[in-house]
Amino acid sequence: MTGVDRVPAGSLYIAGVGSERRRAQLVFTVGNLDTGQVASISLVPGSFTPLPTPGGTWWLPYAPIVTDLATRAGVAPATLRDPDFPDEPGRQPSSGLMLPIQWQPGIPEAERRKWEAAALADRRATPWLVLLGRSTEPPPPGDPGRLLGRLCALADQLHVDLVLEVRPSSIGRGLSWDVRFEFAGGNVPDYQHRWIADLPTALATIPADRAVTGLTVANPGLPAHYLTEDALTPAAVPVGLDGHPGGHDLGQLERRMLSDAEQHGGAQAIWRNRHWWHASLRSAETAGKFVRGWEPPTPKYWGEPIPTHRCTRCADIEDPPYCLDCYGTRQVRRGAVLTVTDLRGRTVHRNWRPDDDAQPTLAHTDPLSRVSVWQLGEHYQVGPLAADFGVAPTDLTDIDGEHVIEQHLRLGVSQVADGGGDPVDAYLGEVAATNDGGRLLVRANHWPGPTLDELARLVRGFGLALDVTVTDHHRNIGQPELSQGNTWSVRVVDPATPLAVDPLPTSACLPEAVACCHRYLHGALRATIPANPEQPMPVPQQPATTGPDPDVAGLIAEVRRQAATHPGQPVTIRLHPDGTHTVLSS
């Protein structure tokens, strides 16, 4: 039983008056990323039977609706995700539709419909609730102790801390656990990004590719050190990072941390130098913030400090404009550390010092700005390392896997203003200023799903269109400071909107553009909801047998050909829900 009866005939209920008029309709949709199947249901006043709550009010729980739609769409329930939180499986928009306290089964039908309309038109929730999933259940995460061993081994390889943390939840639900990687010497983050009730659950739900997000938290006060010579060659670990030595007694760790948390407010266990260090968390002077009770010993992988000096242009100015010498940090560092990893056992480190033997090559000097463009030696280029990991240079991303590493880092390109000094110093100064602690961490993996084919099937099931834009930059060959190859964008749009070219596609490759579209799908879907409250929302349905798949490969080949004949100008191709397409160039 879902609690949903039927959609009554008649006009749509409208709640509110004037500019506050709102559609009293809620559409629930489940989409299958593997097959493109889509199942939806429309909730309007009179279409469902509320259930009582212990407090005497009434509501419609969403769980039975989600289960029914997942079955119809062929989706394994454990894979369901809210598009607004694509990295958090199992997270759903809310638990159910709460009806106003005035709703009671014994009041007249017109009154019941009025209060149902008020609940459905509540603007605190989007009127189109969408969940996406896959056809098959994911493999079980495995033994928590084994998972912890993998994370410890990866921390050893990356030369970062693995932090287990428990502290009061920011949403008032008691103590909350987190597992993340951090750079040594940083501050305690202002808040946790997750709420998890115990350590084993945290280990089971936070894999390495989510734990690395702790390395993206801004921490400008981090100390900057080169790696020691021994640390430049990480010790080999078994395939899959299994079998890490040391023995991790989860029960002992959890009990010790809970004891510290009860005494002081919070606790951390930090894996550093192949040893666990326990630190209590104590309230800072600023409400809601914490500091460690003590700091673990200095990491053994730290070499000499990266040379640093005060910025001569802005350090002594009270409120300076943004400074391109130090990028707003008020200090200039002459060195950095590059780390490239696949998070599965292979890692490469390089100390980027300013005294590498290879001399930079002058590419050209702009006659108007007098800015000289230099190509640095391969030692300072991130792109060539892609081959060592079996991926393309545009598969090299920032450590959280969201964006391709910037082109000038892939190619080792440095720009120096007229009389602006050494190109290597300028390059390293930028890298160190824009990466805390001078650590540039790069992830080398093929882009995860969905693929463009999967996204196209799903978007067709939603009854929407897909715009793919590409700009060909082959005229920029020989100017490495300008975009090279192709740049892309992928957008989900209402097919009724006029076709317009995206004027600035910025993704360095098509898989990045698809990943970006998927990451922000929630906002794109909301933008297609009819603005007129008198217009009902569509209720998309797409069974598994719906026609042939869109010819995505043919469409991409066509838009590439069009772009090649209009270099420097974006070209957009729209895939319509009926399978037809339209091409437009700027």
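Residues numbered from 1 in each chain as written. Predicted model: local features only at pLDDT ≥ 70, side-chain atom pairs only at ≥ 80, totals over all residues. Heavy atoms only, no water.

### Remarks on empty space enclosed by the protein
Empty pockets left among the atoms are what a rolling probe the size of a water molecule brings to light.
Here's step 1: In this structure the tally under the stated criterion is five cavities of 30 Å³ or more.
Here's step 2: In this structure, the largest cavity encloses a volume near 100 Å³.
Here's step 3: Forming the boundary of the largest cavity are His 159, Phe 183, Ala 184, Leu 222, Pro 223, His 225, Leu 227, Tyr 301, Trp 302, Asp 436, Gly 437 and Arg 439.
Here's step 4: The class makeup of the residues in the lining of the largest cavity is seven nonpolar, three polar and two charged.
Here's step 5: Put simply, the second largest cavity is a space of about 60 Å³.
Here's step 6: Taken together, Leu 452, Ala 456, Leu 466, Val 468, Val 552, Leu 555, Ile 556, Ile 573 and Leu 575 make up the lining of the second largest cavity. (1 Å grid on protein atoms, 1.4 Å probe; cavity = no way out; pocket = protein on both sides within 12 Å on 5 of 7 lines; lining within 4 Å. Points joined across faces, edges and corners; volume = space filled by probe spheres on them. Nonpolar A, V, L, I, M, F, W, Y, C, P; charged D, E, K, R; others polar.)

### Thoughts on the sheet that holds strand E20 (residues 361–365)
Here's step 1: An order of E20-E21-E23 is seen for the three strands of this open sheet, with the pairing classed as antiparallel. With one partner strand each, in any of the chains shown, E20 and strand E23 (413–416) form the two edges of the open sheet. On average, each strand axis in the sheet is inclined to that of its neighbour by 25°, with strand direction left out of account.
Here's step 2: Where E20 meets strand E21 (residues 372–375), four bridges bridge the pair, whose relative direction is antiparallel. Bridge pairing links Thr 361 to Gln 375 in E21.
Here's step 3: The strands touched by helix H8 (residues 423–434) within the sheet are E21 and E23, with E23 carrying the most contacts at an inclination of about 110°. (Pairing = 2+ DSSP bridges. Helix = DSSP H or I, 4+ residues; strand = E, 2+ residues; numbered from the N terminus. Axes fitted to C-alpha atoms, helices over the stretch in contact; angles between N-to-C directions. Contact = heavy atoms within 4.5 Å.)

### Let's talk about the pattern of salt bridges
Here's step 1: Evaluation of the coordinates by the stated rule reveals 24 salt bridges.
Here's step 2: Residues Asp 316 and Arg 310 are paired through a salt bridge, measuring 2.3 Å at the closest nitrogen-oxygen approach. Accessibility classification places Asp 316 together with Arg 310 in one group, the exposed group.
Here's step 3: A salt bridge links Asp 549 to Arg 457, with the shortest nitrogen-to-oxygen separation between them at 3.3 Å. Of this pair, Asp 549 sits in the loop between helix H11 (521–527) and helix H12 (552–565) while Arg 457 is found in helix H9 (residues 452–461), placing the two residues 92 residues apart along the sequence.
Here's step 4: When salt bridges with common partners are traced through the structure, they connect Glu 165, Arg 167, Asp 178, Arg 180, Glu 182, Arg 292 and Glu 295 into a single cluster. (Salt bridge = Lys/Arg side-chain N within 4 Å of Asp/Glu carboxyl O. Buried < 20%, exposed > 50% of the residue type's maximum accessible area, 1.4 Å probe, protein only.)

### Brief notes about helix H1 (residues 63–73)
Here's step 1: Buried residues of H1: Ile 65, Val 66, Leu 69, Ala 70 and Ala 73, and no others. The arc that holds the buried residues of H1, viewed along the axis, is 130°, so those residues lie on one side.
Here's step 2: Buried residues along H1 sit in contact with strand E3 (26–32), strand E4 (38–43), strand E6 (58–61) and strand E8 (128–133).
Here's step 3: With its phi angle positive at about 70°, Gly 74 sits one or two positions after the end of H1. (Arc of directions from axis to C-beta.)

### Observations regarding unusual backbone geometry
Here's step 1: In this structure, Asn 273 is a non-glycine residue whose phi angle is positive, near 55°.
Here's step 2: By secondary structure assignment, the location of Asn 273 is in the loop between strand E12 (266–272) and strand E13 (275–283).
Here's step 3: Positive phi is not limited to glycine here, since Arg 274 has a value of about 60°.
Here's step 4: Inspection of the secondary structure assignment puts Arg 274 in the loop between E12 and E13.

### Thoughts on the confidence of the model for the protein chain
Close reading of the predicted structure is inappropriate where its pLDDT is low.
Here's step 1: Predicted confidence across the protein chain gives a mean pLDDT of 89, with 93% of residues reaching 70 or more.
Here's step 2: Taken as a whole, residues 238–246 scores under 50 in pLDDT and shows 19 contacts with residues more than four places along the chain or in a different chain. (pLDDT = per-residue confidence, 0-100.)

### Regarding the nonpolar core
Here's step 1: By size, the foremost hydrophobic cluster in this structure holds 36 residues, and its most contacted members are Trp 128, Phe 462, Leu 466, Val 490 and Val 492.
Here's step 2: Of all the secondary structure elements, the ones that give two or more residues to this core are E8, H9, strand E25 (465–472), strand E26 (486–493), helix H10 (510–519), H11, H12 and strand E27 (571–575).
Here's step 3: What Trp 128 contacts, discounting residues up to four positions off in sequence, is Val 27, Thr 29, Phe 462, Leu 464, Leu 525, Thr 528, Ile 529, Met 537 and Pro 540. (Core = buried A, V, L, I, M, F, W, Y, C linked by side-chain atoms within 4.5 Å.)

### Focus: the sheet that holds strand E28 (residues 581–585)
Two modes of strand pairing occur in sheets, parallel and antiparallel, and in both the strands are linked by backbone hydrogen bonds.
Here's step 1: Strand order in the open sheet made by the four strands is E26-E25-E27-E28, with antiparallel pairing throughout. The open sheet has two edge strands, E26 and E28, and neither has a second partner. The average angle at which neighbouring strand axes cross in this sheet is 15°, direction not considered.
Here's step 2: For E27 and E28, the ladder comprises five bridges, and the chain directions are antiparallel. Residue Val 571 lies in a different strand from E28, and its bridge partner there is Ser 585.
Here's step 3: On top of the sheet, H9 reaches E25, E26 and E27; it is set at about 145° to E25, its chief contact.

### Notes on the packing of aromatic side chains
Here's step 1: Inspection of the entire model under this criterion finds eight aromatic pairs.
Here's step 2: A centroid spacing of 5.2 Å and a plane angle of 65° characterise the contact between Trp 271 and Trp 276, whose relative ring orientation is edge-to-face.
Here's step 3: Note on Trp 271: relative accessible area 4%, which makes it buried.
Here's step 4: Residue Trp 276 is classed as buried on the basis of its relative accessible area, which comes to 16%.
Here's step 5: Through a chain of ring-to-ring contacts, three or more aromatic side chains come together here, namely Trp 352, Tyr 380 and Tyr 427.
Here's step 6: Positioned over the ring face of Phe 389 is Arg 346, at 5.1 Å from the centre of the ring.
Here's step 7: Arg 353 extends its terminal NZ or CZ atom over the ring of Tyr 226, reaching a point 4.1 Å from the ring centre. (Phe/Tyr/Trp six-rings, centres within 6.5 Å; stacked < 30°, edge-to-face > 60°. Lys NZ or Arg CZ within 6 Å of the ring centre and 35° of its normal.)

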